[in-house]
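Chain by chain, the residues:
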Amino acid sequence: ALPAVLRWRVPIVLLGVAVFAGSFHFLGVLRRELTPSQDLSRVQVRVQTPASASIDLTDAEMRACEEVLLARPEVENVFMSIGGGLSLGLVNTGNLNVKLVPRDQRRLSSQELVAELRPLLAKGAARRAAFQDLSQQGFTARRGFPVELAIRGRDWATLATAAQQVMERMRADERLFADVDSDYRAGMPETQIVPDRARAAHAGVSVEDIAQAVNVLVGGVRAGTREDGGRRYDIRVRLLSDQRTRERDLALLRVRAADGTLVPLSSLVEVRTTESLFAITRR
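Basis of the calculations
Residues numbered from 1 in each chain as written. Predicted model: local features only at pLDDT ≥ 70, side-chain atom pairs only at ≥ 80, totals over all residues. Heavy atoms only, no water. Axes fitted to C-alpha atoms, helices over the stretch in contact; angles between N-to-C directions. Helix = DSSP H or I, 4+ residues; strand = E, 2+ residues; numbered from the N terminus. Left-handed = near helix turned anticlockwise from the far one by under 90°. Contact = heavy atoms within 4.5 Å. Nonpolar A, V, L, I, M, F, W, Y, C, P; charged D, E, K, R; others polar. Buried < 20%, exposed > 50% of the residue type's maximum accessible area, 1.4 Å probe, protein only. Patch = residues over 30% accessible without salt bridge, like charges linked within 9 Å, V, L, I, M, F, W, Y side chains within 5 Å. Areas by Shrake-Rupley, 256 points an atom, 1.4 Å probe, with all protein chains shown as cover. Salt bridge = Lys/Arg side-chain N within 4 Å of Asp/Glu carboxyl O. Phe/Tyr/Trp six-rings, centres within 6.5 Å; stacked < 30°, edge-to-face > 60°. Core = buried A, V, L, I, M, F, W, Y, C linked by side-chain atoms within 4.5 Å. Pairing = 2+ DSSP bridges.

> Summarise the packing of helix α3 (residues 55–70) against helix α4 (residues 110–121); cite the residues concerned and give the values.
At a closest axis distance of 11 Å, the pairing of α3 and α4 adopts a crossing angle of 145°. Judged by the sense of rotation from one axis to the other, the crossing of α3 with α4 is right-handed. Residues C65, V68 and L69 of α3 form the contact with α4, whose participating residues are L117, L120 and L121. A class-by-class count of the residues in the contact of α3 with α4 yields six nonpolar, no polar and no charged.

What follows is the structure, encoded as structure tokens:
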């Protein structure tokens, strides 16, 4: 084609100019995006239950979501995990990795399927589901969502209030935003044991003794090891789960004083129950 192009130089240059000028028209017509989403036949769903939820409640909610997903003909299989990966080992967070059938075997694209699944998974009163676009991995912020805002400051309570206000404004515009979420997770019940130093000193019990008693009985300590089948297992000693999970269980604990007598822990400490955070994100 080169000899013909060289013979018709002027028309070829004019044609190139016309194509270049015409491209400006298509810029206003075509949809454009720097990194458009792709259909990878995979979808990931992050599910969160209340901060105080047990792993059993999270498991039940995850299985309910799994049933909804497997009921769809577009879904080939689902892999479910609780407390792993980006969820920092939290028992109230789980991931659902959904593998779809090949694109030529389904009517909907992965993005269209997510739009239909979102209201179905949101029906559970004890859970919140958020979809992640796996084709955007490597292009997004730390948590892997297309749009993320980092609200920073010195006062944690003020940050939490500001974040809630931003989330409410985003949720008000359902046309632009979906799966609005925050890594601020409050509401985890926490029991704080505060020693009364005066009463402990009068009873002949040190603060270290109080801390050690709570650590051994509630947290547990390694008392030895056991070998079985070429493997070594730690032996941990602590109270049974039904003896250490409630605040009133602490009243039954005893601490040994300097004279050898057993003193009720409840007479030496103040027990407070507050709401705490799972984790504090620092930037």
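On we go.
> So what's going on with unusual backbone geometry? Residues and values would help.
With the exception of glycine, the majority of residues adopt a negative phi angle, and the majority of peptide bonds are in the trans configuration. Here S41, not a glycine, exhibits a phi torsion of approximately 60°, which is positive. Considering the arrangement of structural elements, one finds S41 in the loop between α2 (9–27) and β1 (42–48). The phi dihedral of D179 is positive, around 55°, even though this residue is not glycine. Residue placement: D179 occurs in the loop between α5 (156–171) and β5 (186–195). Take D179: its relative accessible area is 19%, and that puts it in the buried class.

> An account of a nonpolar patch on the surface is requested, with residue identities and associated values reported.
Together, L2, V5, L6, W8, I12, L15 and V19 make up a nonpolar patch on the protein surface, roughly 690 Å² of accessible area in all. At the level of elements, α1 (2–7) and α2 are the ones that each hand at least two residues to the nonpolar patch. In this structure, W8 sits in the loop between α1 and α2.

> Hey, could you go over the packing of aromatic side chains for me, with residue numbers and the actual values?
Given two aromatic rings, one states the distance between the centres and the angle between the planes to describe the pair. Within this structure, the stated rule accounts for two aromatic pairs. Taken together, a centroid distance of 5.1 Å and an interplanar angle of 85° make the contact between F20 and F24 edge-to-face. Here F20 pairs with F24, and both are found in helix α2, just four residues apart, close to one helical turn. An angle of 45° between the planes, with centres 5.7 Å apart, marks the rings of W156 and Y184 as tilted.

> A description of the nonpolar core should follow, citing residues and the corresponding values.
Counting residues in each nonpolar core, the largest one holds 18 residues, and the members touching the most others are V45, L96 and V98. Element by element, the count of residues in this core is highest for α4, at four residues. Ignoring anything within four residues of it in the chain, the contact list for L96 reads V43, Q44, V45, V47, M62, C65, L69, V78, F79 and M80. Core analysis: the next-biggest nonpolar cluster, separate from the first, contains 13 residues, A200, A213, A257 and V269 among them.

> Tell me about the environment of L250, and name the residues and values.
Locating L250 in the fold gives a position in the loop between β7 (231–237) and β8 (254–256). The class of L250 is buried, set by a relative accessible area of 11%. The spacing of L250 and V214 is 36 residues in sequence and 8.6 Å in space, taken between C-alpha atoms. With residues up to four places along the chain from it excluded, the contact list for L250 reads T191, I193, V218, L265 and V271.

> Quick rundown of the pairing of β7? Include the residues and the values.
Inspection of the sheet shows strand β6 (residues 221–228) paired to β7 by seven bridges, in the antiparallel sense. Pairing of R222 across the sheet is with R236, part of β7. Between β6 and β7, which pair antiparallel and follow one another directly, the connecting turn spans two residues, one of which, G229, has a positive phi of 60°.

> I'd like a description of the pattern of salt bridges, backed by residues and values.
Side chains carrying opposite charge are able to pair once their charged atoms draw close together. Taken as a whole, this structure holds 14 salt bridges when the rule is applied. Across the pair R103 and D39 runs a salt bridge whose closest N-O atoms are separated by 3.4 Å. Separated by 64 residues along the polypeptide, R103 in the loop between β3 (93–100) and α4 and D39 in the loop between α2 and β1 bring together distant segments of the chain. Owing to a relative accessible area of 38%, R103 belongs among the partly exposed residues under this scheme. Judged by relative accessible area, D39 falls into the partly exposed class, the value being 27%. Between R106 and D39 there is a salt bridge; the shortest N-O distance is 2.9 Å. A residue pair is termed long-range when its members are at least 10 positions apart, and R106 in the loop between β3 and α4 and D39 in the loop between α2 and β1 qualify at 67 residues. Beyond isolated ion pairs, a larger network of salt bridges with shared partners links D39, R103 and R106.

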